[in-house]
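For reference, the chains in residue letters:
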Amino acid sequence: QRARAPAGVGPAGGDVLRVLRLPASSSSGAGVDVAVSAGSAAGPTPKESAVAEPPCPEVPRTAREAVAAAPPPCPESPPAANHVEIRARSVSTRRRGRNPGGASRKRSISRQPRAPPARSWWARFCELRRFRAPGAGLLRVSLSRMRLRDADLQSLAAALDLLLADLRAELGGDGRADAGAGLPLRLTLELDLSENEFGDAGPICLLQWLIAHLRDVRCRVIRLARNSVGDATLEWLAEVVRLQQSAFQEIHLSQNRATSCGAAALLLAMALHPSEAYPWLDRTGCFVPAGVSLDRNRISDPDALVTRLRLRGGLRLCSAETYGSRARRFAAAPHVHLPGFLSSAGPGAARAAAIPVDLLDRIEGVCAGGSWSPPPVAGSLAVPAAGSRAGAAPRSLRALTVRHELFVDEESGAGLELEPVDDGLRICEILDFPGQRGLRVGDVVAAIDGRPLSIGACPGDDAQNSRFGEHFRHGARLDVLQTKRPREESRAAAPGALGSSSAPRFRCPSCCEDFDGWQPCLRHLRESGHGPGPDSGSLPEDPAAEARRWMAAC
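Residues numbered from 1 in each chain as written. Predicted model: local features only at pLDDT ≥ 70, side-chain atom pairs only at ≥ 80, totals over all residues. Heavy atoms only, no water.

Under an unreviewed UniProt entry, the name given to the protein is C2H2-type domain-containing protein, and the source organism is Alexandrium monilatum.

Below, the structure is given as structure tokens:
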């Protein structure tokens, strides 16, 4: 039994705890300890001495009588001086002297991630983990179940601009906002926007912000489940997937309003990625598919759509419920993991409907080398020009990542003059022989055979040139950052000069005729019969796979 004092009353830091031993009662047979806390350590008061004397025959035999026989509270003393507590024998056997004087024991606090600079209301929902490399970190934005709407994401994009400006100022070192305006950042972004009230305008605004900041930010996880996004958002997300060099590890889009058109655009962007980022390579050396959730949408016939994408686009897909499809070889791992996609459709889906003819034409065009252009932005939520933000490049100078094969002659070498920059090795000159088709002066070689050449990945003097020399060979795979230049600059360049912005993109391997686009080159190959033949012993291929092989050769 416990006789509780009023709220906030009890033994304080300097109180003295006196315990009386009462003999066993006839009913319970167990001894009882009576603990009386005194309000001061100077000595017992007259009233306390009456209670603190050794037990005598007049002391009551039961705990209830002991509480009743306690002296009444003294008006001159505080209430804490007469707090009486009954403890059983098993409780009173605890070791005394622990935590003397009520002092709290010091605990080791785990190191928490540093919060981003709080210059906006959105900073409280951001978690920033900084890495050892300067300007590198992981940024998590958690905004699920907040009843946000499309107009709120424009404010979020502005807050992310302030965050990047603050990080550049810290990277610059002197605290000014423009100190690190030209310094690159390497932020990995994880966005959680699930269970809100978004349509298409808000997510498209945020995806355009990602496109404008591909140099500093790469998105790894995006969650948009249980919203009202449609095909326009999925097509803009497919554009981000195509332009971003690294892979998305998780994309959550379940329970939305997407149809077969948006799903086809997203899956084709992963299957035909220009840098072959899917499946992505984890730290253990295994190739892992990207996790995509598209269940419970308005996709009419998921089985027919996946079959068409497998045949025409070479999509490798895993639809198992468990996430365990990893492989040591790139060709053995699937591009995406779609759990529950082939067995479920949304409430507005008609399962017996066939794939629309216009969708089939778009799929054939993309598989033949074309592009899936996202729809134009309608409304007032279009993201401002990237040039108006601090530290962002103008839209006309946006960098795109393309892949080329290095041509090396046994006697003349590659004919390239390179200089180290922050992002890799910049091409300063391209000699006429042997020539490098598709490369231009000013392009930056960001990686060779999958090995990055940036200054953060190659610390030390001349480390970038050393890594390039280690993997220098004929047919080496180059990941090149090419900059979109204004039309006036491309028109002013000398026509036909190697390395200029007006150099031809494709060349017939038989007659060496140059073409500015792939469609004229493909027409020439089919009409003249100059298309490269299949390799000996290879399996039969469909026209789309043959066109992709021809494009790689030209």
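(A) Focus on the overall build of the protein. Along the backbone of the protein there are 13 helices and 21 strands. Summarising the internal contacts of the protein: among those between residues at least 6 apart in sequence, 67% fall at separations of at least 24. On the protein, roughly 29700 Å² of surface is accessible, and the fraction owed to carbon and sulfur atoms is 51%. (Helix = DSSP H or I, 4+ residues; strand = E, 2+ residues; numbered from the N terminus. Contact = heavy atoms within 4.5 Å. Areas by Shrake-Rupley, 256 points an atom, 1.4 Å probe, with all protein chains shown as cover.)

(B) Region of the structure containing unusual backbone geometry. Cis geometry is adopted by the peptide bond preceding Pro279, which originates at Tyr278 and carries an omega value of 0°. Inspection of the secondary structure assignment puts Pro279 in the loop between α7 (260-271) and β9 (280-281). The omega angle of the peptide bond from Phe433 to Pro434 is 5°, so this bond is cis rather than trans. On the secondary structure map, Pro434 appears in the loop between β16 (425-430) and β17 (444-448). Despite not being glycine, Arg226 shows a phi value in the positive range, around 55°. Looking at where Arg226 falls in the secondary structure, it is placed in the loop between β7 (217-223) and α6 (231-243).

(C) Here's a closer look at the nonpolar core. In this structure, Phe248, Ile251, Met270, Ile363 and Trp372 are the most contacted members of the largest nonpolar core, which totals 77 residues. For this core, the leading source of residues is α7, giving 10 residues. Ignoring any residue separated from it by four or fewer positions in sequence, one finds Trp372 in contact with Glu235, Glu239, Cys261, Ala264, Ala265, Leu268, Leu359, Arg362, Ile363 and Val366. Counting residues in each nonpolar core, the second largest holds 14 residues, with Ala414, Ile427, Leu453 and Ala476 among its members. (Core = buried A, V, L, I, M, F, W, Y, C linked by side-chain atoms within 4.5 Å. Buried < 20%, exposed > 50% of the residue type's maximum accessible area, 1.4 Å probe, protein only.)

(D) Summary view of the UniProt feature "domain: C2H2-type" (unreviewed entry) in the protein. UniProt records the feature "domain: C2H2-type" (unreviewed entry) for residues 508-530 in the present numbering. Between the end C-alpha atoms of residues 508-530 the distance is 7 Å, and the span holds 48% helix and 9% strand. (UniProt positions renumbered as here; feature names shortened; annotations may be inferred.)

(E) Quick peek at the packing of helix α8 (residues 302-313) against helix α9 (residues 357-367). At a closest axis distance of 10 Å, the pairing of α8 and α9 adopts a crossing angle of 25°. Compared by their axis directions, α8 and α9 come out roughly parallel. α9 is crossed by α8, and the crossing has right-handed handedness. The residues of α9 that touch α8, namely those facing Leu305, Arg308, Leu309, Arg312 and Gly313, are Leu360, Ile363, Glu364 and Cys367. Each residue belonging to the contact of α8 with α9 can be placed in one class, and the counts come to five nonpolar, one polar and three charged. (Axes fitted to C-alpha atoms, helices over the stretch in contact; angles between N-to-C directions. Parallel < 35°, antiparallel > 145°, perpendicular 65-115°, else oblique. Left-handed = near helix turned anticlockwise from the far one by under 90°. Nonpolar A, V, L, I, M, F, W, Y, C, P; charged D, E, K, R; others polar.)

(F) Local environment of the environment of Phe433. Structurally, Phe433 can be placed in the loop between β16 and β17. Put simply, Phe433 and Gly415 are 18 residues apart on the chain and 6.5 Å apart in space, counted from C-alpha to C-alpha. When sequence neighbours within four positions are dropped, the list of residues in contact with Phe433 reads Asp409, Ser412 and Gly415.

(G) Fine view of the state of the cysteines. As enumerated under the stated definition, the model contains zero disulfides in all. Here Cys521 is not cross-linked by a disulfide; its sulfur's nearest cysteine counterpart is in Cys554, at 4.0 Å. (Disulfide = S-S within 2.5 Å.)

(H) Inspection of helix α10 (residues 463-470) at higher detail. By the burial criterion, the buried members of α10 are Ala463, Gln464 and Phe468. Buried residues along α10 cover an arc of 135° about the axis, so they all sit on one side. (Arc of directions from axis to C-beta.)

(I) Inspection of helix α12 (residues 518-528) at higher detail. Inspection of α12 places Trp518, Cys521, Leu522, His524 and Leu525 among the buried residues, and these make up the whole buried set. Along the axis of α12, the buried positions cluster into a sector of 160°, meaning they face one direction only. Seen from the buried face of α12, the exposed residues on the opposite side, beyond 90 degrees, are Arg526 and Glu527. Looking at the buried side of α12, the elements it contacts are β20 (506-507), β21 (514-515) and α13 (543-553). Directly beyond the C-terminal end of α12, a positive phi value near 75° is found at Gly529.

(J) Broad picture of the environment of Ala263. Its place among the elements puts Ala263 in helix α7. Judged by relative accessible area, which is 0%, Ala263 ranks as buried. Residues Ala263 and Leu253 lie 10 residues apart in sequence; the distance between their C-alpha atoms is 9.9 Å. Aside from chain neighbours lying at most four places away, what touches Ala263 is Leu234, Leu294, Ile299 and Leu305.

(K) Inspection of the pattern of salt bridges at higher detail. Throughout the structure, instances matching the rule amount to 18 salt bridges. With a shortest N-O distance of 3.0 Å, Arg326 and Asp282 are connected by a salt bridge. In this pair, Arg326 sits in the loop between β12 (317-318) and β13 (336-337) while Asp282 sits in the loop between β9 and β10 (287-288), placing the two residues 44 residues apart along the sequence. Judged by relative accessible area, which is 14%, Asp282 ranks as buried. Residue Arg308 is joined to Glu364 by a salt bridge in which the shortest nitrogen-to-oxygen separation is 3.9 Å. Residue Arg308 is located in helix α8, and its partner Glu364 is located in helix α9; the two are separated by 56 residues in the primary sequence. Sharing partners across several salt bridges, the network here consists of Glu127, Arg129, Arg140, Glu190 and Arg220. (Salt bridge = Lys/Arg side-chain N within 4 Å of Asp/Glu carboxyl O.)

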